[in-house]
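# A closer look at the structure
Here is what each chain is made of, one letter per residue.
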Amino acid sequence: MTEYSTPFYQPEDRVPLPPKNAEVFTTCCDYCVMACGYKVYRWLAGSPDGGPKKHQNALGQDYPLPPLQGGWVGPNQYTQATYNGRQYNIVVVADTDSEVVNVGGDHSIRGGCIAQKIYNPKKPTQDRLKHPMIRINDILMPVSWDFALDIMAEVSKHVIKKHGESAWAMKYFSYQYFENTYALTKLAFRSINTPAVAHHDHPSIVDSVPGWKDVGYDIFGASLEDFSLADCLFISGCDPFETKTVLWNHWITKGIHENNTKVIMVNPRRTTGIAYAEANGGLHIDLNPGTDLVVQNAIQRIILENGWEDKAFIEKWTANFWETDSGFGQGTRNTPWQWRTTWGHFQVKGFEDWKKWMLSQEESKPEVAAKIAGIDVKKLYQAAEMMAKPKANGERVKTTVCIEKGNYWSNNYLNTVSVGTLGVILGCGGRPGQAITRLGGHQRGSVNGGKYPTLKSPYKVPGRRRHRLDVDRWLADGHVRFAYVIGTTWIQAMAGSSALEDSFKALTKFNPHQVKSFDKQVIIDTLKKRIDSGGMVVANQEIYLRNPIGAQYADIVLPAATWGEDNFTRANSERRVRLYSKFYDAPGDAKPDWKIVSMFAKKMGFEGYDWKDSNDVFEESCRFSRGSRKDYNVIRTVAKRKGMKAQDFLRTFGTKGLQAPLLLDGDKIIETKRLHDYNRKDIPETGPEGVSVIKKQIMAFKSHSGKLNLLKSPWHIWSDFYDYMTPREDEVWISTGRINEIWESGFDDYERRPYTQQRWPANFVEIHPDDAKKNGIESGDWVSIESDRVPIQKDMNLGVKKDEMFFSSLMKNGHIELSSGQFSAVAIVTPAIKKGVVFTDFLKLESPSNSITPRVPDPLSQNYRFKVASGKIRRIGESPYKHKFSQMSFKRRDIV
């Protein structure tokens, strides 16, 4: 039995401490939206290390330290890397001096291991991409940058000239650093002017939470302190402990213990955070997937029927019919927020009209909603009381409302409208502890270098309205001839991934025109023939070779530099902008994305890409941030006055950074703690300098009137799709998400960290004991999850009548085809998951759960419905982990 109980990962028992003279750099964690502050210590390998006494080391600590005290240096926080060709020791630890975000140096398991992200040829990062490659005879072979980019440019020119700009597509990481996203979008929107562009997590360029943006809320308006100041937190669609750990461990638990904050969590799965919330007076609403709308509307109905709404706030800050409708002129109202807020399906004449509508809805009745959601109706009444019932002294409850992907990636538009109107009647927005915000996934590094060409999109919907281009469908229909893919696992990350991969295969590998020569002109001619025969050429820009987008389908692979390998800037969930310092060399000939764009754009003949370093890109991007929630333009202005580079000026603010949007009063930078702050007093009477932009969302709300638009959220628009996706016979709901130990697809943590691999050697699926018994499944068994009725929307069909874009009409008119999908996982039998629902990792590349998610975007917003899938689960045998104890645990996660 000894061999079964010995973990293969045996951590080092000694790591060096940085000496007093070690160089120190500030940066932030590269992973979740919190962006915790970190310090990097660097000293030459072979030079003396620091000693255990605080006067002997750069951290100023006496070692060993007590458990969990900040400043500890463990095996996963140490590595080696080169800088200017010389070998250095590197220690990366959370900043114990931090007064913001991760106060005192707290961190997650992901951030705590971030030193292992650094390229080290002696460690699992050795397979970083180091050279450009061209696929020849189906083998990716190293070439020079000029060779690869000459081919990419000539093929791109051919596509644009012969097939049009819309045939040149880009799929990219919208969350990355300002320098990189600015360069990429400048290329796509300003220079090429293509509508065939999509973010890493959407089929189009769309808003994640369009409903509450239409209501008038910004999606990241809160300050982190709002989570500590609230009397009640309503959290729907994620567990912050699992996904943004420091938000939970510091800010939310601070509220629970110091402010008696009660936490309501809406999730079909009972997690560690939920168990902790319940143990401290909180509430778990364990709803069926896809039923958030009726739960939210029933809670609102209870609040309205009891008169618990914030009447003073509603009177002052909600728009009447004229205020919602005015200011648009007599045009076609092509932009989605215009036609949605003035369309009969959703528009109301003001609060009383909206209230009358809500109270008339059958599905908003608590008993009806509870039956649809599969919950105890008492929980709806309890939630309404916790959020809105006045205190004994007559004071209003301060409630903060926050959602994430489990909520908005199902019934996207209607869920987010409903959450928005819930925020309105609770008086959320602009006051401490009364915020409404997304919790966030990735950090916020997007800045557009050009305007999206909406009028080039062929996707028309009823009423002379236009959606942005669905790139997945555009590709599947054969309209994409060149695809530039940057920093995303396009196939597995999208819905209906099996069907999408079939399209990639047909357009690339199965096309007869394949490169079989190193002759540059022959390669170009061959790829042109493929394009003209209806095929597609793929260029993939990445830090690792990803399967299958890079390993199987890319004709050109370009190696990118990443965190720590250049100076970059980015914001977090409370809009805090900071510098991520360069402190080591990128591997081989890898280059930052902005640099690759610069080289490629010049070969295309485009002007304006003569950037010398990342600071040049950052400074150029500053004015394009103006008016946004991340407005950081004043950084450049003040830096120039001081004779400094903008990045160097930002560096002086360390891990604290600057909280945007930023305003300027003389030489004083005015930060913004929270948006929608109508009680704000720090803006001078004369207004800030002209370099600043005061948009309505700073001191009011994000609508043309500055007030909040109450909108309808009718269940019937969603119900036909929900009825189709509801499990039949022996099917179950398939819910997906992240767990604490793994970041996203695991591209540079799970796959390259033995510490994590030992814990999660394979994909998992949580299943309720009753469902497991019914299917003969035990913990440790391999199971298959399959569906033969995965709906895939095809065609760029044009809608004429108002209901033609809804699911039942799409089915009736032949715009939906059924596909199949399947993946395998190791079963974990636990009562923590709701009966009739299973939960699995959302993006395990070798076992992709998105193979069975429906590829039918929300017709109102173009967002995918990743969290509403169903399928059959079957036992296929025992895994090697069932009887061994060296890897994988089947213990419950909902423990406190």
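All values derive from a computational prediction rather than experimental measurement.

Attention shifts here to unusual backbone geometry. Along the chain, asparagine 547 connects to proline 548 via a cis peptide bond; the corresponding omega equals 5 degrees. The topology assignment puts proline 548 in the loop between strand S17 (537–542) and helix H23 (549–553). Each neighbour pair has its own omega, and for alanine 660 with proline 661 the value is 0 degrees, a cis peptide bond. Take proline 661: it is sitting in the loop between strand S21 (658–659) and strand S22 (663–665). A positive phi angle, close to 50 degrees, is found at asparagine 84, a residue other than glycine. What makes asparagine 84 exposed here is its relative accessible area of 61%.

When pLDDT is averaged along the protein chain, the result is 93, and 97% of the positions lie at 70 or above. pLDDT under 50 marks residues 328–332. Its contacts with residues more than four places away, or in other chains, come to seven contacts.

In this section: the nonpolar core. Soluble, globular proteins show a tendency: their nonpolar side chains are buried together. Judged by nonpolar contacts, the single largest core of 247 residues is most densely connected at Tyr217, Ile299, Tyr484, Trp490, Phe504 and Ile635. In contact with tyrosine 217, other than residues within four places in its own chain, are Trp212, Phe313, Gly420, Gly423, Val424, Cys428, Gly429, Ile436, His676, Phe701 and Leu708. Among the nonpolar cores identified, the runner-up in size contains 18 residues, and Val732, Val765, Phe823 and Ala827 belong to it.

To continue, consider the side chain of threonine 488. Inspection of the secondary structure assignment puts threonine 488 in the loop between strand S16 (482–486) and helix H20 (490–493). Setting aside chain neighbours within four positions, we find threonine 488 in contact with Lys171, His200, Glu542 and Ile549.

This part takes up helix H10 (residues 292–306). The end-to-end C-alpha distance of H10 is 22 Å, a good match for the 21 Å that 15 residues give at a rise of 1.5 Å each. Among the 15 residues of H10, 13 are classified as buried, and the element is accordingly described as predominantly covered. Once H10 ends, the next one or two residues include glycine 307, with phi positive near 70 degrees.

Looking now at the packing of helix H3 (residues 145–163) against helix H24 (residues 593–604). What describes two packed helices is the angle between their axes and the distance between those same axes. At a closest axis distance of 9 Å, the pairing of H3 and H24 adopts a crossing angle of 55 degrees. Between H3 and H24, the angle is such that the two are oblique. Note on packing geometry: the crossing formed by H3 with H24 is right-handed. Taking contact as the criterion, the partners of Trp145, Asp146, Leu149, Asp150, Met152, Ala153, Ser156, Lys157 and Ile160 in H3 are, on H24, Ile596, Met599, Phe600, Lys603 and Met604. Taken together, the residues that form the contact of H3 with H24 break down as nine nonpolar, one polar and four charged.

We now examine the sheet that holds strand S7 (residues 168–172). The strand order across the open sheet built from seven strands is S6-S5-S18-S17-S16-S7-S8, with neighbouring strands paired in mixed fashion. Two strands bound the open sheet, and with one partner strand each, they are strand S6 (139–142) and strand S8 (197–199). Across the sheet, the mean angle separating the axes of adjacent strands is 20 degrees when strand polarity is ignored. Of the strand pairs in this sheet, S16 and S17 are connected by five bridges, and their pairing is parallel. Residue valine 485 lies in a different strand from S17, and its bridge partner there is asparagine 540.

Rules and cut-offs
- Residues numbered from 1 in each chain as written.
- Predicted model: local features only at pLDDT ≥ 70, side-chain atom pairs only at ≥ 80, totals over all residues.
- Heavy atoms only, no water.
- Helix = DSSP H or I, 4+ residues; strand = E, 2+ residues; numbered from the N terminus.
- Buried < 20%, exposed > 50% of the residue type's maximum accessible area, 1.4 Å probe, protein only.
- pLDDT = per-residue confidence, 0-100.
- Contact = heavy atoms within 4.5 Å.
- Core = buried A, V, L, I, M, F, W, Y, C linked by side-chain atoms within 4.5 Å.
- Expected span 1.5 Å × (residues − 1).
- Axes fitted to C-alpha atoms, helices over the stretch in contact; angles between N-to-C directions.
- Parallel < 35°, antiparallel > 145°, perpendicular 65-115°, else oblique.
- Left-handed = near helix turned anticlockwise from the far one by under 90°.
- Nonpolar A, V, L, I, M, F, W, Y, C, P; charged D, E, K, R; others polar.
- Pairing = 2+ DSSP bridges.

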